[in-house]
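Remarks on the overall topology
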Amino acid sequence: MQSLPIDGLFYIGLGTIFIVTTLLGFGIKRWTKQGMMGFYTLLATSLGLFFWLLLWFQEATRASFMGTIPWVFNSFFGTVLYLIFIGISYLILRRKRRHT
């Protein structure tokens, strides 16, 4: 049985964080009827999980003897993807519903 490489698990974890926190943020928005409350919930939850994922990735790469350059590249690219996710989430959740 072939297992996934550590960087593959990192991106799977990143995608899982995106999905779970998006569902949580939109659920809070629907429940409270306030888009920014949903965004703040999404931001706080995803930020905590993202830092936990980075710590896990650092320990896992240290145990598997991954080089420094691949670790830096994957961490940088993961951070860029996270910032894009936060930006898109902000733009979507801050929209106010227009009633005509």
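Preceding block: the structure.
So, here's what we can say about the structure.

Rules behind the numbers
Residues numbered from 1 in each chain as written. Predicted model: local features only at pLDDT ≥ 70, side-chain atom pairs only at ≥ 80, totals over all residues. Heavy atoms only, no water. Salt bridge = Lys/Arg side-chain N within 4 Å of Asp/Glu carboxyl O. Helix = DSSP H or I, 4+ residues; strand = E, 2+ residues; numbered from the N terminus. Buried < 20%, exposed > 50% of the residue type's maximum accessible area, 1.4 Å probe, protein only. Contact = heavy atoms within 4.5 Å. Core = buried A, V, L, I, M, F, W, Y, C linked by side-chain atoms within 4.5 Å.

Remarks on the pattern of salt bridges
Scanning all chains against the criterion turns up 1 salt bridge. One salt bridge connects glutamate 59 with arginine 62, and the closest N-O pair in it is separated by 3.1 Å. Taken together, the residues glutamate 59 and arginine 62, both in helix H2 (residues 35-64) and 3 residues apart, mark about one turn of the helix. Exposure remark for glutamate 59: the relative accessible area of 46% places this residue in the partly exposed category.

Focus: the side chain of asparagine 74
Considering the arrangement of structural elements, one finds asparagine 74 in helix H3 (residues 68-93). Setting aside anything within four residues of it in sequence, one finds asparagine 74 in contact with Asp7, Phe10, Tyr11, Phe57 and Met66.

Looking at the nonpolar core
Judged by nonpolar contacts, the single largest core of 16 residues is most densely connected at Tyr82, Phe85 and Ile86. For this core, the secondary-structure elements that each account for two or more residues are helix H1 (6-32), H2 and H3. In terms of residue count, H2 provides more of this core than any other element does, 7 residues in total. Setting aside residues up to four positions removed in sequence, tyrosine 82 forms contacts with Phe18, Leu43, Ser46, Leu47 and Phe50.

Here's the deal with unusual backbone geometry
It is generally the case that most residues other than glycine have a negative phi and that most peptide bonds are trans. Phi at lysine 33 takes a positive value of approximately 65 degrees, unusual for a residue other than glycine. When you line up the elements, lysine 33 lands in the loop between H1 and H2.

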